[in-house]
Amino acid sequence: MYDINDYGLTEEQRMMRDAARAFVNDFVTPFIRQNWQREWIMTPEDRLPRKILEMADQIGIRTLGVPEEFGGTPLDPKTQVRTFAIIAEEIARGDSGLADKLVQVWKVSTLLKNIAPRHLQEYWFPKIVADPGFFLAHCSTEPRGASDRWLGYDTPETAFQTKAVLKGDEWVINGRKQFVSNGYDASLYVVYANTRPGIKMREGTSSFLVPRGTPGFSVARCNETLGGRFMNNGEMVFEDCRVPRDHCLAENDALARRSGHYSRPGRIIQASKNLGIGIAAFERTADYVQNYVQGGRILIKHQVVASRLADMATKLSAVRALLQAASRATDEDTPDADHLCSMAKLFASEEILKVCQHAVELHGGNGTMLDFGIEKLYRDATMFLHMDGTVDITRFKIIKSMFPETAGVYAGPEK
Ligand SMILES: Cc1cc2nc3c(=O)[nH]c(=O)nc-3n(C[C@H](O)[C@H](O)[C@H](O)COP(=O)(O)OP(=O)(O)OC[C@H]3O[C@@H](n4cnc5c(N)ncnc54)[C@H](O)[C@@H]3O)c2cc1C
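Calculation notes
Residues numbered from 1 in each chain as written. Predicted model: local features only at pLDDT ≥ 70, side-chain atom pairs only at ≥ 80, totals over all residues. Heavy atoms only, no water. Near = heavy atom within 4 Å. Polar contact = N/O pair within 3.5 Å; in protein donor to acceptor, adjacent residues only side chain to side chain. Areas by Shrake-Rupley, 256 points an atom, 1.4 Å probe, with all protein chains shown as cover. Helix = DSSP H or I, 4+ residues; strand = E, 2+ residues; numbered from the N terminus. Nonpolar A, V, L, I, M, F, W, Y, C, P; charged D, E, K, R; others polar. Core = buried A, V, L, I, M, F, W, Y, C linked by side-chain atoms within 4.5 Å. Buried < 20%, exposed > 50% of the residue type's maximum accessible area, 1.4 Å probe, protein only. Contact = heavy atoms within 4.5 Å. Expected span 1.5 Å × (residues − 1). Axes fitted to C-alpha atoms, helices over the stretch in contact; angles between N-to-C directions. Parallel < 35°, antiparallel > 145°, perpendicular 65-115°, else oblique. Left-handed = near helix turned anticlockwise from the far one by under 90°. Phe/Tyr/Trp six-rings, centres within 6.5 Å; stacked < 30°, edge-to-face > 60°. Lys NZ or Arg CZ within 6 Å of the ring centre and 35° of its normal.

**Q** Help me out: how do you make sense of the site of the ligand in this one?
**A** Around the ligand, 23 residues are found, and the nearest of them are His138, Thr141, Ala146, Ser147 and Thr390. One of the side-chain N or O atoms of Thr141 is found 2.6 Å from a nitrogen atom in the ligand. The contact in question runs from an oxygen atom of the ligand to an N or O atom on the backbone of Gly389, over 3.4 Å. Here the ligand, which alone exposes 980 Å², has 70% of that area covered by the protein. Taken together, the elements giving at least two residues each to the shell around the ligand come down to strand E1 (136–139), helix H6 (147–151), strand E3 (170–180) and helix H11 (391–402). Sort the elements by how many residues they give to the shell around the ligand and H6 lands first, with three residues. Of the residues assigned to the shell around the ligand, the class counts are 10 nonpolar, 11 polar and two charged.

Written out as structure tokens, the structure is:
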């Protein structure tokens, strides 16, 4: 007999989930609790010990998305997105930043598996597998703002400002990217650029594979974030950065080609990491209210406390149910998959923040003390409001997906 969390999981998925759960319970959570100062170290490379990444690697949860033939963890393609969801949730239950770091490897590997030329896969996948400190990054956002790309107004005005021009056998890239997960310490980057200025965004955006160390590529800074601090978010500059012609992954149709392979699983993974934070907040709070005494009784015996706990549990179940539906829709590529993914990401971001607010309040003063670790969950949850699109833009995206003929055609000439 399974509970709702296990509903529909294969034997293989349950085994992977249990291995990830043991890793989090035995290593990640104790490490984070005992080393709460570590996320505030201001040399980004020193924050997360490599040992944790090596352990993640040993249990096979670092290289999800890398094809099995290159040494990646085998996944059933029919249930791959659900697998991503359950493992992302478990890792984020231990630490959101660690989950951010690892899921970029899954997401970008999945994209490369589907759109990179074979010889580049043969070159890069073994390198990713060989090094537990090998990170991947996906560079879309620019200083001028990301929302125009999420909305997909599809006008020349909303196109990327980073540009790439083919000169002989090389693409020359110029521009700047910001707010990129793993941007500070990745070894390999997927970079989006405008290759047909003056043409609609969806018909003139290309993507490129840019290895760290390519002349003309530099990392300008590590962004010091409010939450998810073990993932080093970065800003990159491209100044006459030259990559071989074959490093163009998708010429002019990069936005359409990333949609099913990156963006949809990406939103499911965001919602799942978010859920993991909420589960951690609930577990910690449920424990606290059954041990901490006020008014001569443990907190849970006070009805207003019990009511808050019920609210937390209900929100978590609602997020999980929507996430399960959206994961299944994505795996089965149903017509409603796109807006279900957006709904799951949006709903999780708002509901889990409320779950974490209850956790902070039920812990009283302890809830805001750094060494107690509850405020960290609130900070981590805050990040999700604007990852992979802001709350407002995601709402817009949902309606645009449901009513493409009437919603979302506001920008550009009147139709
Ligand atoms: C932790 C973290 C990790 C990230 N990782 C990555 C990554 O790996 N790769 C990557 O490319 N990006 C990444 N991002 C960037 C992220 O996708 C963007 O921050 C997000 O999409 C919002 O874009 P923006 O910050 O440019 O805000 P803007 O687009 O400048 O938006 C600012 C405000 O304007 C509102 N707004 C904008 N346009 C409209 C409109 N038409 N109508 C109404 N309101 C509007 C928005 O809702 C928002 O409130 C990351 C961000 C964070 C915080």
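**Q** Sorry, what's going on with the nonpolar core here?
**A** Across soluble globular proteins, you tend to see nonpolar side chains buried next to one another. The biggest cluster of nonpolar side chains holds 74 residues, and the ones touching the most others in it are Trp106 and Val210. With 10 residues, the single largest contributor to this core is helix H4 (residues 96–115). Excluding residues that lie within four positions of it along the chain, Val210 makes contacts with Ile173, Leu188, Tyr189, Val191, Phe217, Phe238, Cys241 and Val243. Counting 38 residues, the second largest nonpolar core, distinct from the first, contains Val305, Leu316, Val355 and Ala381.

**Q** For this particular structure, what's the right way to read H4?
**A** Counted at 1.5 Å a residue, the expected span for H4 with its 20 residues is 28 Å, and the 28 Å between its end C-alpha atoms agrees. Most of H4 sits inside the fold, with 18 of its 20 residues counted as buried. Near the N-terminus of H4, the side chain that reaches the backbone nitrogen of Gly97, with its oxygen 3.0 Å away, is that of Asp95.

**Q** Can you walk me through the packing of H4 against helix H5 (residues 118–130) in this structure?
**A** The geometry of a pair of packed helices is captured by two quantities: the angle between their axes and the separation between those axes. Taken N-terminus to C-terminus, the directions of H4 and H5 make an angle of 160 degrees; their axes are 11 Å apart at the nearest point. On the basis of the axis angle, H4 is roughly antiparallel to H5. Where H4 crosses over H5, the two elements pack in a sense that is left-handed. Taken together, the residues of H5 that come into contact with H4 (itself represented by Val105, Ser109, Leu112 and Lys113) are Gln121, Phe125 and Ile128. A per-class count over the contact of H4 with H5 returns four nonpolar, two polar and one charged.

**Q** What is the right way to look at helix H8 (residues 303–332) in this model?
**A** Every α-helix winds through 3.6 residues per turn, so residues three or four apart in the chain are directed the same way. The end-to-end C-alpha distance of H8 is 43 Å, a good match for the 44 Å that 30 residues give at a rise of 1.5 Å each. Phi for Asp333, located one or two positions after H8, is positive at around 50 degrees.

**Q** Help me understand unusual backbone geometry, please; the structure alone is not making it clear to me.
**A** Among all residues save glycine, negative phi is the norm, and among peptide bonds the norm is trans. Despite not being glycine, Phe179 has its phi angle at roughly 60 degrees, a positive value. Along the polypeptide, Phe179 turns up in strand E3. Here Asp333, not a glycine, exhibits a phi torsion of approximately 50 degrees, which is positive. Within the fold, Asp333 resides in the loop between H8 and helix H9 (337–362).

**Q** How do you make sense of the packing of aromatic side chains when you look at a structure like this?
**A** A ring pair, where both rings are aromatic, is described by two values, the distance of the centres and the angle of the planes. Enumeration according to the criterion identifies 10 aromatic pairs in this entry. Arranged with centres 4.8 Å apart and planes meeting at 50 degrees, the rings of Tyr189 and Phe217 form a pair that is tilted. Of this pair, Tyr189 sits in strand E4 (residues 188–194) while Phe217 is found in strand E6 (residues 217–223), placing the two residues 28 residues apart along the sequence. Owing to a relative accessible area of 0%, Tyr189 belongs among the buried residues under this scheme. By relative accessible area, which is 10% here, Phe217 ends up buried. Members of the aromatic cluster, joined through ring pairs, are Tyr123, Trp124 and Phe134. Here the guanidinium or amino end of Arg149 rests over the ring plane of Phe160, the centre of that ring lying 4.9 Å away.

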